[in-house]
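These are the residues of each chain, in order.
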Amino acid sequence: MNCSISGEVPEEPVVSKKSGLVYEKRLIERHIEDFGKCPITGEPLSLDDIIPIKAGKIVKPRPLQAASIPGMLGMFQIEWDSLMLANFALEQQLHTARQELSHALYQHDAACRVIARLKKERDEARSLLAQAERQIPASVTAGHEAHAPRLSNGKRAAEDEDLGPDAKRIRPGISANIISELTECNATLSLQRKKRTIPTTLAPFEDIESYTQLSSFPLHKTNKPGILSIDVHYAKDIIATGGIDTNAVVFDRPSGQIISTLSGHSKKVTCVKIVPGDDGIVITGSGDKTVRLWQGSGNGNYDCRHVLKDHTAEVQAVSVHATNKYFVTASLDSTWCFYDLSTGLCLSQVADSLGSEGEGYTSAALHPDGLILGTGTSEAVVKIWDVKTQGNVAKFDGHTGPVTAMSFSENGYFLATAASDGVRLWDLRKLKNFRSLAPFGLDTPTNSVDFDHSGTYLAIAGSGVQIYQVANVKTEWPLIKILPDLSGTGKVTAVKFGVDAKTIAVGSMDRNLRIFGLPENESNTEES
């Protein structure tokens, strides 16, 4: 009567009521706790299904070899020989595994070289195609003059537009109907803001104090790393990133999957915005002086609907109006443009006649109510514009170096601007600076700043990310969390709060998008 698991005579024998098999009690109990089934038949088995067997004590006879010292030495010799044979077999297996690993690494290296060569050939082909399109004779497109003001194949025939006496394009201007629409939107949002309350689903500061990296996604190319801009679609939890590799990437955060890679720009993508709503529109601005409008389709692909060539220098910022029908771009050519989103038509291009020569715009943002535009210049000046009149109504001085980023608070009163000397907070009611933050030192510029959607938190990105709790003008804004730069580059270039501030998207000068938050939030999201 031997144990069905060990094959030895059991010291405490038990029998299964279901199979009739005999086991050692301690062995079968441990197996049931781990697996809950019979180790022989695989049927479900519980502790109630085993019955102890009463048997007389069995004295195991001593092996003949163990009865004398020479016999025991012989046993030890046999065990030693077996151990040496097993060790030799393991060394042989290790040698074989090393050879297979070396072969696999060689194949991987060869595949990477082939992929790099193919990508280079593809980029060269795209460049040649773009050059060929620019060199197409005007006679080819003469038959389409009737559609010149519109967009054809994503490109606008800007050269056919009427020019004014100063050799600048004549813009139709912001009509009275549009101004009425903007004013009505402003009144509605202002009224809602007075009644607004902090959402109950917003992450409390105690949770933010415990934020850590949840995931990292390599969205952009290895040979040209760097994420310069991030935007979040709060309703769908979709993230868009713009990179130095000339691509923008639309990414689904809950699933961790890339929805689409937007390729078309010839230089770095400096700014990216997702238009709120269900239309699936993404706007990108680039160092190639163009702005592109991308339209999402049902299969997840994004097609370039318009290429806007109204700027003559690098486009630095894009901001969408609260109506989701218009948007603004700002460029180093010292102008900002107001566009109709549906047609891609530039309604107005505004230059500051009082600005100094070479004072280009390095950042811009529309006020949440939509009638105020803020722009930051390369000469450390913040300018406030009236969108209806396109007039400069205020200027803020005090920064050092180009104003790299700005963000309006949802409360409508605060504006945060970033430059090489840190972050300055402005009270729009009194048009003055009420607080300055220099979290990374004077030698480390601040690259990005973002209020969360409720206006409760402020994130600042430089050599890392610092998160502050928004207070009022008179009280201090407490620092509640510091997120380190995990890229190893020492430069965080973009930061954006996610839905209800439960996640924070961070971009650095490597190719990875990093998501910070509470680990249990991530697990709950995946389970749902």
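Everything numeric in this text was worked out from a predicted model, so none of it was measured. (Residues numbered from 1 in each chain as written. Predicted model: local features only at pLDDT ≥ 70, side-chain atom pairs only at ≥ 80, totals over all residues. Heavy atoms only, no water.)

Caption draft 1: Structural detail: the packing of aromatic side chains. The final tally for this structure, using the stated rule, is 11 aromatic pairs. Considering the side-chain rings of Phe-396 and Trp-426, the 4.5 Å spacing of their centres and the 10 degrees angle between planes classify their relative orientation as stacked. Here Phe-396, found in strand E22 (residues 391-396), pairs with Trp-426, found in strand E25 (residues 422-427); they are 30 residues apart in sequence, far enough to count as distant. Residue Phe-396 shares its accessibility class with Trp-426, and that shared class is buried. Relative to Trp-477, the ring of Phe-414 has its centre 5.6 Å away and its plane inclined at 55 degrees; by these criteria the two rings are tilted. A residue pair is termed long-range when its members are at least 10 positions apart, and Phe-414 in strand E24 (residues 414-419) and Trp-477 in the loop between strand E29 (465-469) and strand E30 (479-483) qualify at 63 residues. Side by side, Phe-414 and Trp-477 carry an identical accessibility label, which is buried. (Phe/Tyr/Trp six-rings, centres within 6.5 Å; stacked < 30°, edge-to-face > 60°. Helix = DSSP H or I, 4+ residues; strand = E, 2+ residues; numbered from the N terminus. Buried < 20%, exposed > 50% of the residue type's maximum accessible area, 1.4 Å probe, protein only.)

Caption draft 2: Up close: the confidence of the model for the protein chain. Taken as a whole, the protein chain shows an average pLDDT of 86; of its residues, 90% reach a score of 70 or greater. The model gives residues 523-528 a pLDDT under 50, and that stretch makes two contacts with residues more than four places away or in other chains. (pLDDT = per-residue confidence, 0-100. Contact = heavy atoms within 4.5 Å.)

Caption draft 3: Layout of the pattern of salt bridges. A full pass over the atoms with the stated rule returns 16 salt bridges. A salt bridge links Glu-121 to Arg-117, with the nearest nitrogen and oxygen atoms 3.2 Å apart. Remark: Arg-117 and Glu-121 occur in helix H2 (residues 69-134); sequence separation between them is four residues, near one turn of the helix. The closest approach of N and O atoms between Asp-450 and Lys-496, which form a salt bridge, is 3.3 Å. With a gap of 46 residues between them, Asp-450 in strand E27 (residues 448-451) and Lys-496 in strand E31 (residues 492-497) connect regions that are remote in the sequence. Per residue, the accessibility class of Asp-450 equals that of Lys-496, and both read buried. (Salt bridge = Lys/Arg side-chain N within 4 Å of Asp/Glu carboxyl O.)

Caption draft 4: Quick peek at the sheet that holds strand E15 (residues 315-320). The strand order E15-E16-E17-E18 describes an open sheet built from four strands, whose pairing is antiparallel. Both edges of this open sheet fall to E15 and strand E18 (345-351), since each of them pairs with a single strand only. The average undirected angle you get between the axes of adjacent strands in this sheet is 20 degrees. In this fold helix H3 (residues 176-195) packs onto strand E16 (326-331), strand E17 (335-340) and E18, with an angle of close to 100 degrees to the strand it touches most, E16. (Pairing = 2+ DSSP bridges. Axes fitted to C-alpha atoms, helices over the stretch in contact; angles between N-to-C directions.)

Caption draft 5: Structural view of the nonpolar core. Counting 19 residues, the largest nonpolar core has Tyr-457, Val-465, Ile-467 and Ile-504 as the members making the most contacts within it. With sequence-adjacent residues up to four places away left out, Val-465 is seen in contact with Ile-460, Lys-481, Ile-482, Leu-483, Val-492, Val-495 and Val-506. Counting residues in each nonpolar core, the second largest holds 18 residues, with Ile-178, Ala-330, Ala-364 and Leu-373 among its members. (Core = buried A, V, L, I, M, F, W, Y, C linked by side-chain atoms within 4.5 Å.)

Caption draft 6: Highlighting unusual backbone geometry. If you check the backbone angles, Thr-246 has positive phi at about 75 degrees while not being a glycine. Structurally, Thr-246 is set in the loop between strand E8 (238-243) and strand E9 (247-252). Its relative accessible area of 13% is what places Thr-246 among the buried residues. Even without being a glycine, Ala-380 presents a positive backbone phi close to 70 degrees. By the element assignment, Ala-380 lies in the loop between strand E20 (372-377) and strand E21 (382-386).

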